[in-house]
Amino acid sequence: MAADYPNIDIAPFIDHSLLLPTTTPEQIERWCEEAYRFNFAAVCIHPCYVKQAVELLHNKNPKVCTVIGFPTGSTTSAVKLYEAQEAVENGAQELDVVINLGWLKAGKTEELHREMATICEETGIPVKVILETSLLTDAEKKLSAELAMDAGAAFLKTSTGWNGGATVEDVRFLKEIAKDRVGIKASGGIRTHEDALNLIMAGATRLGTSRGIELLRQRDRPEGGDGEVG
C-alpha cells in the first residue's frame, strides 16, 4: 500500500515523543536536538521537562508539547486545569489531554465537556484530546470526538500508547467524524515507515512516536529494524 505514495515526507508530521517514566534531563536534551535536526513538528514530553525543552528549542521550529492527566485521564478537573495552566506558564505550546474515560462510559457527558472546554478556554493554546480509542466502542469514539470538537479541541488524538496504539481504521473513523474541522493525531504502535504513511493517507495530520528517526532510516533502508520502544 505504501508503495503508492513514496514521496511523502513524514518528518513534519512527527511529534517526537519521550514519555517513559524513567526519562532523564539528558534524554530530553537529545530529543530536542533530534527534533530540530530532523524537522519534526514537536517534542512531546512530561510536564516536568517543559521549561528545559523550551530553553533548548528557543527560536527553533519544533514546538514543545506536553501531556495532561497522563496516562489515565482520571485526575480531577481542577488538577488537570492547574497542570495545563502551569505547562503554559512554563512555555508549552501544545497540550495533549487525556479524557476521563470513566466519565465517558458512565454517560457523564456534561462533566466531560466542561473539563475539556475549560482547559481549551483557559490555556488558549492548541489542545489535542486523547480519546484512547482502543478502549472505546465506535459509539463512544464518535461521542467523545464530537464532545472534544465542541469543547474547542484542535486535534483528536487516538491513544496514549499505554493501552494499544493507533490503527488505520480508527484514524479513518475520526477523520470522517472531524470532516477537516480539526487535526487527527495518530499515536502509539507506529513501528514502520509504511505504518506512518498508511496513517497519513488515512487522515492523520500528526504522528506521535518515539521511533521517528528509525522510521526515517527505514525510508532510506526499507529493511530497517524495530527502533526504540515507546
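These figures come from a predicted structure and were not determined experimentally.

Student: In this structure, what is going on with the pattern of salt bridges? I would like to understand it.
Tutor: Enumeration over the complete set of coordinates arrives at 16 salt bridges. Put simply, Asp9 and Arg219 hold a salt bridge, and the shortest N to O gap is 3.7 Å. Within this pair, whereas Asp9 is found in the segment before strand E1 (14-18), its partner Arg219 is found in helix H9 (residues 212-220), the two being separated by 210 residues in sequence. Asp9 gets classed as partly exposed once you look at its relative accessible area, which sits at 38%. Between Arg206 and Asp15 there is a salt bridge; the shortest N-O distance is 2.9 Å. You can see Arg206 sitting in strand E8 (residues 206-209) and its partner Asp15 sitting in strand E1, a full 191 residues away along the chain. The same class applies to Arg206 and to Asp15, which are both buried. Connected through salt bridges with shared partners, the residues Asp15, Glu94, Asp96, Lys128, Lys157, Lys185 and Arg206 form a single ionic network.

Student: Help me out: how do you make sense of the packing of helix H6 (residues 138-151) against helix H7 (residues 168-178) in this one?
Tutor: Geometrically, a packed helix pair is captured by the angle between its two axes and the distance between the axes. In contact at an axis separation of 10 Å, H6 and H7 are set at 45 degrees when each is read in the N-to-C sense. As summarised for this structure, H6 and H7 are arranged oblique, according to the angle between their axes. Of the two possible hands of crossing, H6 and H7 adopt the one that is right-handed. In this structure, H6 uses Asp138, Lys141, Lys142, Ala145, Glu146 and Met149 to contact H7, whose residues at the interface are Asp170, Phe173, Leu174, Ile177 and Ala178. Tallied by class, the residues present in the contact of H6 with H7 amount to 6 nonpolar, no polar and 5 charged.

Rules used in this analysis
- As a convention, each chain's residues are numbered from 1 in the sequence order in which they are written.
- Totals for whole chains, interfaces and linings use all residues, but because this is a predicted model, local features are given only for residues with pLDDT of at least 70 and pairs of side-chain atoms are given and counted only at 80 or more.
- As a rule here, side-chain values come from all non-hydrogen atoms in the structure, and water together with hydrogens is ignored.
- A pair is scored as a salt bridge if a Lys or Arg side-chain nitrogen falls within 4 Å of a carboxyl oxygen belonging to Asp or Glu.
- Put simply, DSSP marks the helices as runs of H or I at least four residues long and the strands as runs of E at least two long, and each gets a number from the N terminus on.
- Buried, partly exposed and exposed residues are distinguished by accessible area as a fraction of the type maximum, computed with a 1.4 Å probe on protein chains only: under 20%, between the cut-offs, and over 50%, respectively.
- Interaxial angle, 0 to 180 degrees, is taken between N-to-C directions of lines fitted to C-alpha atoms, where a helix line uses only the stretch in contact.
- Put simply, angles under 35 degrees are roughly parallel, angles over 145 are roughly antiparallel, angles from 65 to 115 are roughly perpendicular, and the rest are oblique.
- Definitions for this section: a left-handed crossing has its near helix turned counterclockwise from the far helix by less than a right angle. A right-handed crossing has that turn clockwise.
- Residue contacts are defined here by distance: any two heavy atoms, one from each residue, within 4.5 Å place the two residues in contact.
- Residues are grouped as follows: nonpolar covers Ala, Val, Leu, Ile, Met, Phe, Trp, Tyr, Cys and Pro; charged covers Asp, Glu, Lys and Arg; every other residue, Gly included, is treated as polar.

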